[in-house]
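# Notes for the structure review
What follows is the residue order along each chain.
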Amino acid sequence: ESVYGDRVHEEVEERTALLKQHIERTIAQEGTLIIPAFSLERTQGILFEINNLIESGEIPSIKTYLDSPLAIRVTDVYAGSTEYLKPEVQAQIQAGDDIFSFEGLSFTETVKESHQIAAYGGAKIIIAGSGMSHGGRIRDHEKRFLGDPRTTLLLVGYQNVGGLGRLLQDGAKQVWIDGTDVRVKAHIATIRGYSGHADRNQLIDLVYGGAQKTMPKQVFVTMGEERASLFLTQRLRDYLGVNAIAPEPNAEVEIDF
């Protein structure tokens, strides 16, 4: 798969520093930081990093709303299954840190609670689904806050072509959200380092074979946008000498075993 076959993600330290900058900007402007996030893994990763930033004293506490019933349920599963987390995270929990609970965090399960978020006039973070703004509660928040120049919309996952998230990422100044004409005055930002998709270098390393050094006979580059797929295909050919192709739709290939 080649979703990020033509680019490299930020390292963990860099993505955390970027998140910190956006939160600090939000606090300074008494604004709103909106984060469309997938309910599984992406949301929990964001909560974990905000927790660490606040509890380490790098940023002051800020009102944070997890406004997704599904993400709340998934977070409960994570909290009850800490034995599967990384050893360093388990050590942090054993030292007394509840990694999914920090000062200012609220879980808003009901629609009524979701609508009440806008009544809070101070600096705030809203994390809600869906990650590409296809549906879910995030669209209501985008409709309400994108017209405010003190708002930052932070995209932390892939945005598919033609979707609302991609339109905003590409700089649209006017969008339609559920029948409402929304003028975009908010700051639109992207952090790709939270993505669950491998980047260009990780994909090349995968094909290279790691410790096994076993090169594949054939690589089919799929799933990504045309630009990303063709870029990765050429990189695999040039750097590894692998027979890599990006198949056309409905292409048939005979595989010799």
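Structure first, text after, so check above.
Residues numbered from 1 in each chain as written. Predicted model: local features only at pLDDT ≥ 70, side-chain atom pairs only at ≥ 80, totals over all residues. Heavy atoms only, no water.

## A word on the pairing of strand 5 (residues 151-155)
Within strand 5, 5 of the 5 residues are buried, which leaves the element mostly enclosed by the surrounding structure. Residues T151, L153 and L155 of strand 5 are buried on one face, and the alternating residues T152 and L154, pointing to the opposite face, are buried as well. Direction of pairing for strand 1 (residues 32-36) relative to strand 5: parallel, over a ladder of 3 bridges. Residue pairing across strands places L33 opposite T152, the latter belonging to strand 5. Bridge analysis of strand 5 against strand 8 (residues 187-190) gives 4 bridges, and the strand direction is parallel. (Buried < 20%, exposed > 50% of the residue type's maximum accessible area, 1.4 Å probe, protein only. Helix = DSSP H or I, 4+ residues; strand = E, 2+ residues; numbered from the N terminus. Pairing = 2+ DSSP bridges.)

## What about the packing of helix 8 (residues 200-208) against helix 9 (residues 226-240)?
Interaxial distance between helix 8 and helix 9 falls to 11 Å at its minimum, and their mutual angle equals 50 degrees. Classified by the interaxial angle, the pair formed by helix 8 and helix 9 is oblique. Crossing of helix 8 against helix 9: the hand is right-handed. Within the contact between the two elements, helix 8 uses R200, L203, I204, V207 and Y208 and helix 9 uses F231, L232, R235, L236 and L240. Its residues assigned to classes, the contact of helix 8 with helix 9 comprises 8 nonpolar, no polar and 2 charged. (Axes fitted to C-alpha atoms, helices over the stretch in contact; angles between N-to-C directions. Parallel < 35°, antiparallel > 145°, perpendicular 65-115°, else oblique. Left-handed = near helix turned anticlockwise from the far one by under 90°. Contact = heavy atoms within 4.5 Å. Nonpolar A, V, L, I, M, F, W, Y, C, P; charged D, E, K, R; others polar.)

## As for the pairing of strand 4 (residues 124-128)
In the case of a regular strand, side chains alternate between the two sheet surfaces. Among the 5 residues that make up strand 4, 5 are buried, leaving the element largely enclosed by the rest of the structure. When strand 1 meets strand 4, the two strands line up parallel, connected through 5 bridges. Bridge pairing in strand 4 places I35 opposite I127. Pairing of strand 2 (residues 63-66) with strand 4 involves 4 bridges; the strand directions are parallel. Bridge pairing in strand 4 links Y65 to I126.

Interpretation in functional terms is not warranted from these geometric data alone.
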